Amino acid sequence: MASPPRCSRTDPDKNCKLPPPSAPTGGYSPGRLSWGALVRTLGCFNLSIPQRHRNVQLLATLDPLASREPPPLLPKKHEVPEKLIWGDQDPLSKIPFKILSGHEHAVSTCHFCVDDTKLLSGSYDCTVKLWDAVDGSVVRDFEPRPKAPVVECSVTTDSSRVIAASHDKTVRAWDLETGKLLWKVRYDTFIVSCKFSPDGKYVVSGFDVDHGICIIDAENITTISVVKDHHTRSITSCCFDPDSQKVASVSLDRCIKIWDVRSQATLLTITKAHSNAISNCCFTFSGHFLCTSSWDKNLKIWNVHTGEFRNCGACVTLMQGHEGSVSSCHFARDSSFLISGGFDRTVAIWDVAEGYRKLSLKGHNDWVTDVAVSNNKKWILSASKDRTMRLWNIEEVEQIPLVIKYKKAMGLKLKQCERCDRPFSIFESDTSSEIFTQCVFCRIDTRGLPAETSSSSSLESENSPLPRGSKGD
């Protein structure tokens with residue numbers, strides 16, 4: 001039987017003579033073809049549609065007169081290669097960071113060492129690890145391992161030795177280069193903190209149940225002094241001043257104490273320094289000031305260099321930086337900025353000169369337990385309960401639009417201190433001549449003169465200026 005004449009795609013529909021489904025086999029009736037007839041007609045064709053062309057051919061195959069040749073694929077758009085940036089990129093803060101994973105439990109402590117090329121960490125998984133700061137790999141696990149969670153570790157200034165305190169009531173020391181265990185000291189009580197002195201001669205440990213501190217000689221492992229019941233409650237942190245002659249300790253009793261190693265006596269006591277437990281403390285590299293962090297969500301900077309502050313405890317308070325308890329704090333080497341970690345899972349960067357939070361680094365999935373700053377001020381290291389550390393690159397933090405916008409909103413401008421030549425920020429709206437000429441440290445020093453420090457109330461009566469967002473205590 002002769003086939004019906006084909007028509008081109010440009011012919012009108014009336015020239016297409018296809019048999020309707022109800023027409024007898026002997027003849028054809030002209031007219032428009034219904035969709036149902038078209039679908040049934042398609043069953044007579046054995047059209048093979050490759051899977052990769054199915055989407056682009058779907059409409060074409062509905063036409064029984066369409067060509068069996070697959071239509072050419074649309075040309076691919078030119079793909080711009082993605083710019084490679086060190087670490088992972090946070091789109092909000094624009095701060096590059098690297099995630100360091102390797103611990104199996106909460107990371108409790110972290111440090112920079114070996115000229116900022118290596119990182120040190122301790123964890124509740126009972127390990128102390130040395131990391132390569134460049135590629136984030138683990139260089140060494142210090143052996144033999146502690147038999148209980150590591151609460152704190154410390155490294156000497158020359159990066160030659162490492163110590164770690166753990167819940168097995170011991171302090172262990174290793175050679176950083178070889179990983180060899182040098183010594184181990186066991187105590188009768190739990191240890192919550194341990195630090196090397198900057199000169200590497202001493203090690204101070206803070207006790208939980210005994211509420212005291214112990215200072216030993218790091219070379220011959222002899223006891224220099226043991227001070228029991230130094231505080232009324234458990235000690236949370238202790239550290240040496242830059243001269244290795246004084247030890248600051250803080251406690252759950254909200255008290256700050258400074259112990260003199262030579263005279264074996266308490267030089268300074270500040271009671272009720274915070275409204276809640278004090279979690280950590282750190283000195284500036286000049287030793288003139290001490291920063292304390294607390295569960296009351298605040299940080300305070302205290303002048304502990306001169307005796308005039310023993311009675312009044314003049315300070316600067318850094319507020320509104322964390323939404324929860326502050327767990328740790330650390331000054332930059334030149335004291336130009338301060339960093340803190342909190343239970344709100346953030347790391348805060350503070351402008352010390354004016355007492356405000358410059359930037360908040362977010363990304364950890366649990367509490368931030370410890371923070372550290374590299375000597376070159378380009379890196380921040382944070383440890384967290386989420387079992388990771390984060391290495392943040394803050395070299396260009398001042399160029400971040402968020403920081404620039406915040407400074408402009410606050411009306412900040414840069415000045416140079418007339419006493420110490422340290423650059424500092426001031427508010428354009430401030431009118432006090434002292435604020436315009438001196439940084440916060442020199443302003444506190446000025447308030448430390450005997451005539452002005454008889455009491456904390458006298459500080460307020462003298463109307464001595466404090467940084468915006470801060471207050472005297």
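In this text the structure is predicted, and so the values were computed from the model without any measurement.

Each value, and the rule that gives it
Residues numbered from 1 in each chain as written. Predicted model: local features only at pLDDT ≥ 70, side-chain atom pairs only at ≥ 80, totals over all residues. Heavy atoms only, no water. Salt bridge = Lys/Arg side-chain N within 4 Å of Asp/Glu carboxyl O. Buried < 20%, exposed > 50% of the residue type's maximum accessible area, 1.4 Å probe, protein only. Helix = DSSP H or I, 4+ residues; strand = E, 2+ residues; numbered from the N terminus. Pairing = 2+ DSSP bridges. Axes fitted to C-alpha atoms, helices over the stretch in contact; angles between N-to-C directions. Phe/Tyr/Trp six-rings, centres within 6.5 Å; stacked < 30°, edge-to-face > 60°. Lys NZ or Arg CZ within 6 Å of the ring centre and 35° of its normal. Contact = heavy atoms within 4.5 Å. Polar contact = N/O pair within 3.5 Å; in protein donor to acceptor, adjacent residues only side chain to side chain. Core = buried A, V, L, I, M, F, W, Y, C linked by side-chain atoms within 4.5 Å.

Asker: Which residues make up the pattern of salt bridges, and what values do they have?
Answerer: When the charged atoms of two side chains lie near each other, side chains of opposite charge can form a pair. In this structure the tally under the stated criterion is eight salt bridges. A salt bridge links Glu 143 to Arg 145; the shortest N-O distance between them is 3.4 Å. Here Glu 143 falls in the partly exposed class, since its relative accessible area comes to 41%. A salt bridge links Arg 161 to Glu 219, with the shortest nitrogen-to-oxygen separation between them at 3.2 Å. One end of the pair, Arg 161, is in strand β8 (residues 161–166); the other, Glu 219, is in the loop between β13 (213–217) and β14 (223–227), and 58 residues separate them in sequence. Among the residues examined, Glu 219 registers a relative accessible area of 58% and is labelled exposed. What emerges from the salt-bridge pattern is a single network uniting Lys 129, Asp 141, Glu 143 and Arg 145.

Asker: I'd love a proper account of the sheet that holds strand β17 (residues 256–260), names of residues and values included.
Answerer: Pairing in this open sheet of four strands is antiparallel, and the strands run β15-β16-β17-β18 from one edge to the other. A strand with exactly one partner marks an edge of an open sheet, and here the two such strands are β15 (235–240) and β18 (265–270). Between one strand and the next, the sheet's axes are offset by a mean angle of 20°, whatever the strand orientation. When β17 meets β18, the two strands line up antiparallel, connected through five bridges. Residue pairing across strands places Asp 260 opposite Ala 265, the latter belonging to β18.

Asker: A description of the sheet that holds strand β25 (residues 346–351) should follow, citing residues and the corresponding values.
Answerer: Picture the strands of a sheet paired through backbone hydrogen bonds; they go either parallel or antiparallel. Pairing is antiparallel across the open sheet formed by four strands, whose spatial order is β23-β24-β25-β26. Each having just a single partner strand, β23 (326–331) and β26 (356–362) make up the two edges of the open sheet. For this sheet the average axis-to-axis angle between neighbouring strands, irrespective of direction, equals 20°. Pairing between β25 and β26: six bridges, direction antiparallel. From the neighbouring strand, Trp 350 faces β26, where its bridge partner is Arg 357.

Asker: Give a detailed account of the packing of aromatic side chains, specifying residues and quantitative values.
Answerer: Within the structure shown, the criterion is met by five aromatic pairs. When the ring of Phe 97 is compared with that of Trp 392, the centres are 5.2 Å apart and the planes differ by 45°; the resulting orientation is tilted. Residue Phe 97 is found in strand β2 (residues 96–101), and its partner Trp 392 is found in strand β29 (residues 388–393); the two are separated by 295 residues along the sequence. The exposure class of Phe 97 is buried, given its relative accessible area of 7%. Among the residues examined, Trp 392 registers a relative accessible area of 0% and is labelled buried. Measuring from centroid to centroid gives 6.3 Å for Tyr 202 and Phe 240, while their planes differ by 20°, and the two rings are stacked. On the criterion of sequence distance, the pair formed by Tyr 202 in strand β12 (residues 202–207) and Phe 240 in strand β15 is long-range, its members being 38 residues apart. Like Phe 240, Tyr 202 is buried. The positively charged end of Lys 169 is found above the aromatic ring belonging to Phe 190, 5.0 Å away from the centroid. We note Lys 385 situated over the ring of Trp 367; from NZ or CZ to the ring centre the distance is 4.4 Å.

Asker: Please give an account of the environment of Asp 141 that cites residues and values.
Answerer: For Asp 141, the location among the structural elements is in strand β6 (residues 138–141). Each C-alpha atom of the pair Asp 141 and Trp 131 lies 9.2 Å from the other, and the pair is ten residues apart in sequence. Those residues in contact with Asp 141, other than ones at most four positions away along the chain, are Val 128 and Lys 129. Among the polar contacts made by the side chain of Asp 141, one reaches the side chain of Arg 145 at a distance of 3.2 Å.

Asker: Can you break down the environment of Cys 315 residue by residue, with the values?
Answerer: One can find Cys 315 in strand β22 (residues 315–318). Along the primary structure Cys 315 and Ile 301 are separated by 14 residues, whereas in three dimensions their C-alpha atoms are 5.4 Å apart.

Asker: Before we move on, could you go through the side chain of Ser 294 and cite the residues and values that matter?
Answerer: In this structure, Ser 294 sits in strand β20 (residues 289–294). There is a polar contact of 3.4 Å between the side chain of Ser 294 and the backbone oxygen of Asn 276. A distance of 3.0 Å separates the side chain of Ser 294 from the backbone nitrogen of Asp 296, its partner in a polar contact. Setting aside anything within four residues of it in sequence, one finds Ser 294 in contact with His 274, Asn 276, Ala 277, Ile 278, Ser 279, Ser 325 and Val 326.

Asker: Which residues make up the nonpolar core, and what values do they have?
Answerer: The biggest cluster of nonpolar side chains holds 16 residues, and the ones touching the most others in it are Ile 163, Val 171, Trp 183, Tyr 187, Val 203 and Ile 216. Considering each element in turn, this core owes the most residues, three residues, to strand β11 (residues 191–196). In this structure Tyr 187 touches Lys 169, Val 171, Ser 205, Phe 207, Cys 214 and Ile 216, once residues within four positions along its chain are discounted.

Asker: Please provide a residue-by-residue account of unusual backbone geometry, values included.
Answerer: With an omega dihedral of -10°, the bond running from Glu 143 to Pro 144 counts as a cis peptide bond. Relative to the helices and strands, Pro 144 is located in the loop between β6 and β7 (150–155). Even without being a glycine, Ser 244 presents a positive backbone phi close to 60°. Along the polypeptide, Ser 244 turns up in the loop between β15 and β16 (246–251). Residue Lys 297 is not a glycine yet carries a positive backbone phi of 75°. Mapped onto the fold, Lys 297 is located in the loop between β20 and β21 (299–303).

Without other data, these values stay purely geometric and don't point to any function.
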